[in-house]
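Observations on the three-dimensional arrangement
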Amino acid sequence: MRSWLGALAITVSWIAFGTAAAHADVPRSSDGNGVLVGSAGAPVQLEIFIEPQCPHVAELESTDGDAIARNIGDGRLAVTYRPLTFLDDRKHTDVSARISNALFLAADPATSPTAYQAFVQDLYRHQTRPDNNEIAAMARESGVPDAVAEKIAAGDYVVDPAAMNDANRARLVQDNPENPGTPTVYDLNTKTVVDTQDSEWLGKLLA
């Protein structure tokens, strides 16, 4: 009897663990200006500074996004995305502000890290100045829950883009004073900027 109960307890524990892992959320960073994708206990912790309209970020996500997604899913990697909106002023648009707001709307307890990373990648595959309905469609296709996508379509306001940009810009200049551009990938464990020009950068971090 004791042996059977012990086995049952172990089974229930594994089911509970699996369920929790599958439904892990994507919370905001402690300062409120970033979104943590992946486990806070992952051995590799990165900050990635992004601008929704930046072609260089799109290149990073195109080249390395699948590997980032895979290692987030495996629990080996966590990424804190920190959006900026400086290209809105240059392009006389509000696209970066609206996409940044959508990224914070997607940081919902119902959104899984896998769906969130897929949403990020999809946004960078479609840098066509999408409206809120198009952003919401990408969210749904990426696995973000319908209720969250509806908030994105409605343009619900959850972040002050100007204040967020200023805060993340200040942090970026602090972390990468020599070249404070996007994307900047910052290793939170070693407190150093990652050289993403090295095609093996992610594999070396995970080795």
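Since the model is a prediction, treat every value here as computed from it, not as a measurement.

One open sheet holds the five strands; their spatial order is β1-β3-β2-β4-β5, and the pairing between them is mixed. Edge positions in the open sheet fall to β1 (35-37) and β5 (192-193), since each of these has one partner strand only. Two elements, strand β4 (residues 184-187) and β5, share two bridges in a ladder whose sense is antiparallel. Considered in β5, the bridge of Y186 is made with V193. Here helix α2 (residues 55-73) sits on the sheet and contacts β1, β2 (44-50), β3 (77-83) and β4; the angle it forms with β3, its principal contact strand, is near 145°. Each of β1, β2 and β3 touches helix α5 (residues 113-125); the most contacted strand, β1, lies at about 110° to it.

Across the seven residues that make up β3, a large majority, seven, are buried. Bridge analysis of β1 against β3 gives three bridges, and the strand direction is antiparallel. Looking at β3, one finds that V35 is bridged to Y81. In the classification by handedness, the crossover that spans β2, the intervening α2 and the parallel β3 is right-handed.

Turning our attention to the confidence of the model for the protein. Averaged over every residue, the pLDDT of the protein is 90; the share at 70 or more is 88%. Predicted confidence for residues 1-23 stays below pLDDT 50, and this span has two contacts to residues more than four positions away or in other chains.

A few words on the environment of V193. Here V193 shows up in strand β5. V193 gets classed as partly exposed once you look at its relative accessible area, which sits at 36%. Along the backbone, V193 and L46 are 147 residues apart, and their C-alpha atoms lie at a distance of 9.6 Å. When sequence neighbours within four positions are dropped, the list of residues in contact with V193 reads D175, N176, T184, V185 and Y186.

Before going further, it helps to examine the layout of surface pockets. Volume-wise, the largest pocket comes out at about 490 Å³. In terms of lining residues, the largest pocket is bounded by 19 residues, among which L60, P183, D195, T196 and Q197 are the most central. Broken down by secondary-structure element, the contributors of at least two residues to the lining of the largest pocket are α2 and β4. It is α2 that provides the largest number of residues to the lining of the largest pocket, a total of five residues. When the residues that make up the lining of the largest pocket are grouped by side-chain class, the tally is five nonpolar, ten polar and four charged.

Analysis parameters
Every chain is numbered on its own, with residues counted from 1 as its sequence reads. Owing to the predicted nature of the model, reporting of local features is limited to residues with pLDDT of at least 70; listing and counting of side-chain atom pairs is limited to 80 or more, with chain, interface and lining totals taken over all residues. With hydrogens and water stripped out, all remaining heavy atoms of the structure feed into the side-chain values. For two strands to count as paired, DSSP must find a minimum of two bridges between them. Strands are runs of DSSP state E lasting at least two residues, helices are runs of H or I lasting at least four, and both sets are numbered from the N terminus onward. The criterion used for residue contact is that any of the two residues' heavy atoms lie within 4.5 Å. Axes, fitted as lines to C-alpha atoms, cover a helix only where it is in contact. Angles between the N-to-C directions of the axes lie from 0 to 180 degrees. Throughout, exposure labels follow a simple rule: accessible area from a 1.4 Å probe, protein chains only, divided by the maximum for the residue type, with under 20% read as buried, over 50% as exposed, and the rest as partly exposed. The handedness of a crossover follows from its direction of travel: if, with the strands pointing away from the viewer, the path from the first strand over the helix to the second runs clockwise, the crossover is right-handed. As a per-residue measure, pLDDT tells how confident the predictor is, with possible values from 0 to 100. For cavity detection a 1 Å grid was placed over the protein atoms alone, and a set of points counts as a cavity when a 1.4 Å probe fits there but cannot get out; an open set counts as a pocket when protein lies on both sides within 12 Å along at least five of seven lines, with lining residues being those that have an atom within 4 Å of a point. Grid points are joined across faces, edges and corners, and a volume is the space filled by probe spheres set on the points. Charged means Asp, Glu, Lys or Arg here, nonpolar means Ala, Val, Leu, Ile, Met, Phe, Trp, Tyr, Cys or Pro, and polar covers whatever is left, Gly included.

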